[in-house]
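# Analysis of the macromolecular model
One letter stands for each residue in the lines below.
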Amino acid sequence: MITIVHDNLKIQLKSWHDLSWLQDFGRVFCVFDQLISGNLCFGVDDGERKYFIKYAGAPTMMYAGDTQAAVDRLRAAYPKHLQLAHPALNHVLHEFQTPQGYGLVFSWFDGFALAPLRLHMEHLHALALIDKLALYDQLMDALVQASRKDFLIAGLSDHHVLIDFEKKRPLLSSLSHFEQFPARVPHPKLPGTSWYIPPEGYVIGAALDEYANVYALGALAFTFFGNQSTRAPGDWTAGAALYELAANAAKQKAEDRLPSAEVYQARWRAAVRSLPRL
C-alpha cells in the first residue's frame, strides 16, 4: 500500500500512480479511494464550481479486477450518460485521458448515498410520504426512459442512489452496468445489490428483457416505501394500491410481472393520483 497526499488529503492505493493531472481541475476537497468498482473518485472545486471526477486506471485498494477492465467500463459509460441524460442521472460534462488512465467529469451533487451509512436510509424513511413519492417518481422516470431506449437496468445499489434532503432531489450516480438489449446474464450474476436483481439475473447466460427492468422498479419502490428484505405488506407505508403494483413488479416469475416499465409507470402514477390528499 502507498499513501499519496494531494491538497492535504490522503489517497490510498496498492501502488504509486501519477495523479498530478488533478491540479488541472482545482482544489480536491474529498476523496473516495475505497470503492470496489475500480474507480478512484474526487470532489474538486475550481473556485467557481464544484465537480465530481470518476477516474479509472489507478490500482485502487478494494478493487479485485483488472485495471484495464475498469478503464474500459468507465469509457463505455460515457456515451450511456450522454444518451440517457436526465435530471435524476449524473450529469456528465466531459471525458479526459491521462497517460495511465481515463476519467469522466460530472456536475457536483450535494447529496447522501443511501448506503453504507444506515442513517441516510433512515432519513429517507422519515420523510413525509409526499416527498418520498416525488423522489421516487424522479428516479422512476429516469429508469423508464432508459428502458424506453432499450437499456437493461443493471448494477443498481443503494450506494449509487443519492438524495439531496434539503432540495428534495434524487440522483442515480452510476450507469456503468446498464446494457443495451438484447442482454444476457454475465458470469457470475447480473451486477448490482441482491434485492435489485430478479431471479433470472442469477442464471448465467439467460436472456434478459424488460421484465427485469420492471423488477428493478418494484424493488426500488420497496427501498423507498417498505422493507427491502421482507417486502411484507405490514411494512409498506404508501397505501394498498401502490403496494400491489410494487409486489407485482417484484414477482419471482418474470411472466407474472407487468409487461413493461412504461406500463408500470403509468399505473403507478394513476394510483398516486388516486391517493387521499397528502
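Since the structure is predicted, the reported quantities are computational estimates derived from the model, not experimental observations.

Another point: the overall build of the chain. Secondary structure summary: the chain contains six helices and 14 strands in total. In terms of overall dimensions, the chain is globule-like: its C-alpha atoms have a radius of gyration of 19 Å, near the 19 Å expected for 278 residues. With respect to the principal axes defined by its C-alpha atoms, the chain has extents near 55 × 45 × 30 Å. With 278 residues in all, the chain has 50% of them scored as buried. For the chain, long-range pairs separated by at least 24 residues make up 58% of all intrachain contacts whose partners lie at least 6 apart in sequence. Summed over all atoms, the accessible surface of the chain reaches about 13100 Å², with 54% contributed by carbon and sulfur. Between the centroid of the 26 positive side chains of the chain and the centroid of its 28 negative side chains there is a distance of 4 Å.

Turning our attention to empty space enclosed by the protein. Under the defined criterion, the tally for this structure stands at one cavity of 30 Å³ or more. Size it by volume and the largest cavity reaches roughly 40 Å³. Lining the largest cavity, in full, are Leu139, Leu143, Leu156, Val161, Leu172 and Leu220. Across the lining of the largest cavity, the residue classes break down as six nonpolar, no polar and no charged.

The next subject is the pattern of salt bridges. On inspection of all chains with the given rule, the structure shows six salt bridges. The closest approach of N and O atoms between Asp141 and Arg269, which form a salt bridge, is 3.3 Å. In this pair, Asp141 is assigned in helix α3 (residues 129-148) and Arg269 in helix α6 (residues 261-273), connecting sequence segments 128 residues apart. Residue classification places Arg269 among the partly exposed residues on the basis of a relative accessible area of 27%. Note that Arg257 is salt-bridged to Glu200, the shortest N-O span being 2.8 Å. With Arg257 in the loop between α5 (240-249) and α6 and Glu200 in the loop between β13 (183-184) and β14 (207-208), this residue pair connects regions lying 57 residues apart in the sequence. For Arg257, a relative accessible area of 4% puts it in the buried group. What makes Glu200 buried here is its relative accessible area of 16%.

On to the side chain of Asn213. As for its position among the elements, Asn213 is in helix α4 (residues 210-225). Discounting chain neighbours no more than four positions away, the residues touching Asn213 are Ser147, Phe151, Leu152, Ile153 and Phe181.

Further remarks concern the pairing of strand β7 (residues 101-107). For β7, the buried fraction is high: seven of the seven residues fall into the buried class. With six bridges connecting them, strand β6 (residues 92-98) and β7 associate as antiparallel partners. Directly across from Phe96, in β7, lies its bridge partner Gly103.

Counted under the stated rule, the structure contains 21 aromatic pairs. Joined through ring pairs, the aromatic side chains of Tyr136, Phe222, Phe224, Phe225, Trp236, Tyr243, Tyr264 and Trp268 make up one cluster. One cation-aromatic arrangement involves Lys50 over Phe29; the distance from NZ or CZ to the ring centre is 5.1 Å. The ring of Tyr102 has Arg75 sitting right over it, with the charged end atom 4.4 Å from the ring centre.

With that settled, consider the pairing of strand β2 (residues 9-13). With five bridges joining them, strand β1 (residues 2-6) and β2 adopt antiparallel strand pairing. Bridging from a neighbouring strand, Val5 pairs with Lys10 of β2.

What follows is about the nonpolar core. Residues Tyr136, Trp236, Tyr264 and Trp268 are the most contacted members of the largest nonpolar core, which totals 50 residues. Elements supplying a minimum of two residues to this core: α2 (118-126), α3, β10 (161-164), α4, α5 and α6. Looking at this core, the element that brings in the most residues is α4, giving 10 residues. Not counting the four nearest positions on each side in its chain, Tyr264 is found in contact with Tyr136, Met140, Leu217, Gly218, Ala221, Leu245, Ala246, Ala249 and Leu258.

Calculation rules
- Residues numbered from 1 in each chain as written.
- Predicted model: local features only at pLDDT ≥ 70, side-chain atom pairs only at ≥ 80, totals over all residues.
- Heavy atoms only, no water.
- Helix = DSSP H or I, 4+ residues; strand = E, 2+ residues; numbered from the N terminus.
- Rg over C-alpha atoms; globule rule 2.2 N^0.38 Å.
- Buried < 20%, exposed > 50% of the residue type's maximum accessible area, 1.4 Å probe, protein only.
- Contact = heavy atoms within 4.5 Å.
- Areas by Shrake-Rupley, 256 points an atom, 1.4 Å probe, with all protein chains shown as cover.
- Lys, Arg positive; Asp, Glu negative; His and termini not counted.
- Charge placed at Lys NZ, Arg CZ, Asp CG, Glu CD.
- 1 Å grid on protein atoms, 1.4 Å probe; cavity = no way out; pocket = protein on both sides within 12 Å on 5 of 7 lines; lining within 4 Å.
- Points joined across faces, edges and corners; volume = space filled by probe spheres on them.
- Nonpolar A, V, L, I, M, F, W, Y, C, P; charged D, E, K, R; others polar.
- Salt bridge = Lys/Arg side-chain N within 4 Å of Asp/Glu carboxyl O.
- Pairing = 2+ DSSP bridges.
- Phe/Tyr/Trp six-rings, centres within 6.5 Å; stacked < 30°, edge-to-face > 60°.
- Lys NZ or Arg CZ within 6 Å of the ring centre and 35° of its normal.
- Core = buried A, V, L, I, M, F, W, Y, C linked by side-chain atoms within 4.5 Å.

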